[in-house]
Each structure stands twice: as structure tokens, then as C-alpha cells.
Amino acid sequence: MRTLRVWLWLFAWGMALAQPETRVYSVFMPPGDWFTHSGANYAFFPFFHHWNWYYGHVQRDGVVGIRTDYPRSGNGSVFFSTPTALAKSDIEFRFLDGQTYWGRLRDLEWLSYEWYRDGRSTVGAHIHLPLRIYVGNLDSQGRIRDLGYLIYELSMNGGGAVPVDTWVQEELAASNRRFWQNPINGGNFFDAQPLSVWQSEEGYQPRDGDRIGVRYNGDSVVCGVSVGAGTGWNGVFIGAVANIILRFRHGVQLHFNFEVRPAGDVNGDGQVDDTDLLWILMLFGTNCSAYCPYDLNRDGTVDDTDLLIVLTHFGTGG
Ligand SMILES: [Ca+2]
Ligand SMILES: [Ca+2]
């Protein structure tokens, strides 16, 4: 009987790890992406080949990109760098139609990710890359209102100096970690509560400060996920994130593995085949701006050099 229980436990753990995997590929080929923006206003860069994924809130020389610097479960992970306390950079998944969501907050039973803090970082020793879930409340027409974040940080869950130069795996839902609330444009509420409180029928109404936000509860919907560096981190931060996994009870299971597309992969599906060849032939001779994955060697034109890259790597990837 004990053996059976152990096997069942191992089976359950295996199921938790073996989510259907979505590979989110970089926009550009190795070493991958380096999206940055020097201005004070946020810049957003959509992934044309992965709808709903963005490099977002990039400002003041913050950098984000799926790169090969810290490979994890494959050849890549999401790299982040913020040189000053003003810098910011995120990677995000968002539904933009204002009504699509993954599931109800009460049904979120597994939420895990892996993060890495490079030892060259000079920001406070407690700082790591936080994970945020987008939440909102449905109105009578089924539209999502009260859009906001519930944000996980280790500093509100016991805290202390975080490990450096190593990958850290954390599970946040089954282990009932504390989350704080940021209703978009509504101020920050740092009175972090265990996820089970947010997931309850009563939910939680933050009481921190005079700008009282909205109430999220078990009925609230989860409609995206975000990881990012900054702002307000005094010093330099360098790090990475990999393998974001969400599972909803009797609902969707998501595993996002961030990888760098192989050289010659034009359409960003991880393989170099006829489709990529066709793209180059169709676009042959066209000029391309900086944000152009069809121009493989990024010299401004789709021409024989790009064709050669596809032919040289034809059949690779997958
Ligand atoms: Ca391809
Ligand atoms: Ca070219």
C-alpha cells in the first residue's frame, strides 16, 4: 500500500512537471534578442510569431530578450538587464481583446517558474525577478475590468539574500505563497496575502494607504503572466527566467519554455524547412527595418545571403 502511494505521488509529481510545452522562440537567431529602449516612456515589442507575447515596459536602457546567455531546458532563457534604478524591462503574455482568460483564480493550482540572478548584480541582495499574474473581474457582458497584477516576490515570503549564479525553481500556488497587488493605474498595495486568501470567496481588499484598489477573489480571472526587472532597483541587475508553468484545476495547462530560434528559421517555429525557404523567396529583394526576422543577417535587405543561411541550415531544429 505504501509502495502504491509512493508511486501515485511520483505519478502526480510527474504530471505536474510534464505539462504540454510551448516553446516561445526568440525573434532573432543565436545569440538571440536584445530589446532595449533609452526613453523614459515604455516601449512594447510584440512577437509577430507568438501572438500575445510581448517584450514590454522597456525603458531607460533596460534590456530583455530570449538569449543563449543562460541556457535552460534547451538553448535559451529570457535575459534581463537593468543598469540603473530607473530602468525596466518585462516579458509578458496578455490577451488583448479584453475578454479572453485562462481560468478562474480559485482554480489556479500550480504556478511555477525558474529564475537566475547573476552574481555581477549590485542591487539589494534580496532582489530577484518577481512573477506577476494578470487578474481581472468579469462584468455582466463578460468583459474583463479591474485589470491588475498579483505579484510574487521572495522578499514578502521570508526574504533574505537570494542565491546567485544558480537557477532557482519556485512553486507559488500549491505552496500558497504570498502575493501583493498592483491594480493597473491604482497604486501599489504591499500588504501581501497568501494566494489562498486571494482565491477565497471573500477575496481581499487591500488596506494599505489611501488609494484603495479593487477586490480580487476566487471568481477573478487569470488572463496573463509577466516577469520583469526594475524599477526602483538601486544598482545593476542581470538575470534570467525560464519555464513558466501554470495549471488550472480541470482547465488549461501551460508550460512556456523560452528558446532561441535556430539560424535559418524565418517563421519562428523552431525548424528550418520549406516554409522558411518560401518566406525568403517571397520576400526576396525587399528592404527590412531593424525589427525584421526575415532579414536573417540583419543587413537591411532580404537577399542571397539570407537564402544561403536557410539552405545551409535546412532540415535542422525541431
Ligand atoms: Ca521555420
Ligand atoms: Ca539580409
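The rules behind these values
Counting restarts for each chain: residues are numbered from 1 in the order of the written sequence. Here every chain gets a letter starting at A, and every ligand a number starting at 1, in the order they are written. In view of the model being predicted, local features appear only for residues whose pLDDT reaches at least 70, and side-chain atom pairs are presented and counted only at 80 or more, with totals across whole chains, interfaces and linings using the full set of residues. The basis for every side-chain value is the complete set of non-hydrogen atoms in the structure, without hydrogens or water. The numbering of helices and of strands both runs from the N terminus, where a helix is a DSSP run of H or I of at least 4 residues and a strand a run of E of at least 2. For every residue, the accessible area (1.4 Å probe, protein chains only) is compared with the maximum for its type, and the residue is labelled buried under 20%, exposed over 50%, or partly exposed between those bounds. Residue contacts are defined here by distance: any two heavy atoms, one from each residue, within 4.5 Å place the two residues in contact. The pairing test for Phe, Tyr and Trp rings, Trp by its six-membered ring, is centres within 6.5 Å, and the orientation test on the planes gives stacked under 30 degrees, edge-to-face over 60, and tilted for anything in between. Only nitrogen, oxygen and sulfur atoms within 2.8 Å of the metal, or 3.2 Å for Na, K and Ca, are treated as donors, and water is left out, so sites may look incomplete. Just to be clear on the cut-offs, tetrahedral is four donors with all angles between 85 and 135 degrees, square planar is four donors and octahedral six with opposite donors over 155 degrees apart and all others between 65 and 115, and anything else goes down as irregular. Each residue gets a pLDDT score, which is the predictor's confidence in that residue and runs from 0 to 100. Patch membership requires more than 30% relative accessible area and the absence of a salt bridge. Residues of like charge join within 9 Å; the nonpolar side chains Val, Leu, Ile, Met, Phe, Trp and Tyr join within 5 Å. Values of accessible area rely on a 1.4 Å probe in the Shrake-Rupley scheme; residue burial ignores everything except the protein chains shown. We define a salt bridge as a side-chain nitrogen of Lys or Arg found within 4 Å of a carboxyl oxygen belonging to Asp or Glu. Here the limits of each domain have been adopted from an automatic or database domain assignment. A quick way to say it: buried area is the sum, across both parts, of accessible area lost when two parts are put together, with a 1.4 Å probe. Polar contact criterion, stated in full: a pair of N or O atoms within 3.5 Å, where within protein one must be able to donate a hydrogen and the other to accept it, and residues adjacent in sequence count only if both atoms are side-chain atoms. Think of it as three bins: nonpolar holds Ala, Val, Leu, Ile, Met, Phe, Trp, Tyr, Cys and Pro, charged holds Asp, Glu, Lys and Arg, and polar takes everything else, Gly as well. In the cavity and pocket records, a cavity denotes points on a 1 Å grid over the protein atoms alone where a 1.4 Å probe fits but cannot get out, a pocket denotes an open set with protein on both sides within 12 Å along at least 5 of 7 lines, and lining residues are residues with an atom within 4 Å of a point. Grid points are joined across faces, edges and corners, and a volume is the space filled by probe spheres set on the points.

Some remarks on the environment of Arg60
Okay, step 1: In this fold, Arg60 is placed in the loop between β4 (53–59) and β5 (62–67).
Okay, step 2: When its relative accessible area of 35% is taken as the criterion, Arg60 is described as partly exposed.
Okay, step 3: Residues within four places of Arg60 in sequence aside, it is in contact with His37, Ser38, Gly39, Ala40, Pro83, Leu86 and Ala87.

Brief notes about the packing of aromatic side chains
Okay, step 1: By the definition in use, this model includes 23 aromatic pairs.
Okay, step 2: Ring centres of Phe28 and Phe35 lie 6.3 Å apart, and the angle between their planes is 15°; this geometry places the pair in the stacked category.
Okay, step 3: Relative accessible area serves as the criterion here: at 6%, Phe28 is assigned to the buried category.
Okay, step 4: We classify Phe35 as buried; its relative accessible area is 7%.
Okay, step 5: Geometrically, the ring pair formed by Trp53 and Phe258 is edge-to-face, given 5.3 Å between the ring centres and 90° between the ring planes. Of this pair, Trp53 sits in strand β4 while Phe258 is found in strand β17 (residues 253–259), placing the two residues 205 residues apart along the sequence.

Observations regarding the coordination of the calcium ion (ligand 1)
When four donors bind a metal tetrahedrally, each ideal donor-metal-donor angle is 109.5 degrees, and when six bind octahedrally, the ideal angles are 90 or 180 degrees.
Okay, step 1: Distances from the calcium ion (ligand 1) to its protein donors, Asp265 (OD), Asn267 (OD1), Asp269 (OD), Gln271 (O), Asp276 (OD) and Asp276 (OD), fall within 2.2 to 2.5 Å.
Okay, step 2: Between the 6 donor atoms coordinating the calcium ion (ligand 1), the angles at the centre fall across 52 to 165°, so the site counts as irregular.

A word on the confidence of the model for the chain
Okay, step 1: In the predicted model, the chain carries a mean pLDDT of 91, and 92% of its residues have values of at least 70.
Okay, step 2: Counting contacts from residues 6–11, a segment whose pLDDT is below 50, to residues more than four positions away or on other chains yields 0 contacts.

A few points about a nonpolar patch on the surface
Okay, step 1: On the surface, a cluster of nonpolar side chains totalling about 290 Å² of accessible area is made up of Leu308, Leu311 and Phe314.
Okay, step 2: One can find Leu311 in helix α4 (residues 304–313).
Okay, step 3: Relative accessible area serves as the criterion here: at 45%, Leu311 is assigned to the partly exposed category.

A word on the domain arrangement of the chain
Okay, step 1: Segmenting the chain into domains produces domain 1 (18–259) and domain 2 (274–313).
Okay, step 2: Its C-alpha centre places domain 1 at a distance of 33 Å from the equivalent point of domain 2.
Okay, step 3: Taken together, the 8 residues of domain 1 in the interface contact 8 residues of domain 2.
Okay, step 4: Taken together, both faces of the contact between domain 1 and domain 2 bury some 660 Å²; the carbon and sulfur share is 74%.
Okay, step 5: Considering only the side of domain 1, the residues that lose the most area to domain 2 are Phe28, Met29 and Phe48, jointly responsible for 72% of the buried surface there.
Okay, step 6: At the boundary of domain 1 with domain 2, the tally comes to 0 salt bridges.
Okay, step 7: Scanning the region where domain 1 abuts domain 2 turns up 0 residue pairs in polar contact (both at pLDDT 80 or more).
Okay, step 8: Among the residues making up the side of domain 1 that touches domain 2, the classes are represented as 8 nonpolar, no polar and no charged.

Structural notes on the layout of surface pockets
Okay, step 1: Of the volumes computed, that of the largest pocket is approximately 530 Å³.
Okay, step 2: As for the largest pocket, its lining consists of 21 residues, of which Tyr42, Lys88, Tyr149, Asn182 and Asn188 are closest to the centre.
Okay, step 3: Taken together, the residues that form the lining of the largest pocket break down as 10 nonpolar, 6 polar and 5 charged.

Digging into unusual backbone geometry
Okay, step 1: Between Pro30 and the following residue, Pro31, the backbone shows a cis peptide bond with an omega angle of 10°.
Okay, step 2: Residue Gly230 is joined to Thr231 through a cis peptide bond whose omega torsion reads -10°.
Okay, step 3: Considering the arrangement of structural elements, one finds Thr231 in the loop between β15 (221–229) and β16 (237–248).
Okay, step 4: Phi is positive for Asn52, which is not a glycine, with a value near 85°.
Okay, step 5: By the secondary structure assignment, Asn52 is in the loop between β3 (43–46) and β4.
Okay, step 6: Taking relative accessible area as the criterion, Asn52 reaches 23% and is therefore assigned partly exposed.
Okay, step 7: One non-glycine residue, His250, lies in positive phi territory at about 55°.
Okay, step 8: Topologically, His250 is positioned in the loop between β16 and β17.

Quick look at the side chain of Arg67
Okay, step 1: Among the secondary structure elements, Arg67 is positioned in strand β5.
Okay, step 2: Residue classification places Arg67 among the buried positions, given a relative accessible area of 12%.
Okay, step 3: Within the structure, Arg67 has its side chain in polar contact with the backbone oxygen of Asp33 (distance 3.1 Å).
Okay, step 4: Aside from chain neighbours lying at most four places away, what touches Arg67 is Pro31, Gly32, Asp33, Trp34, Asn75, Gly76, Ser77, Phe79 and Val260.

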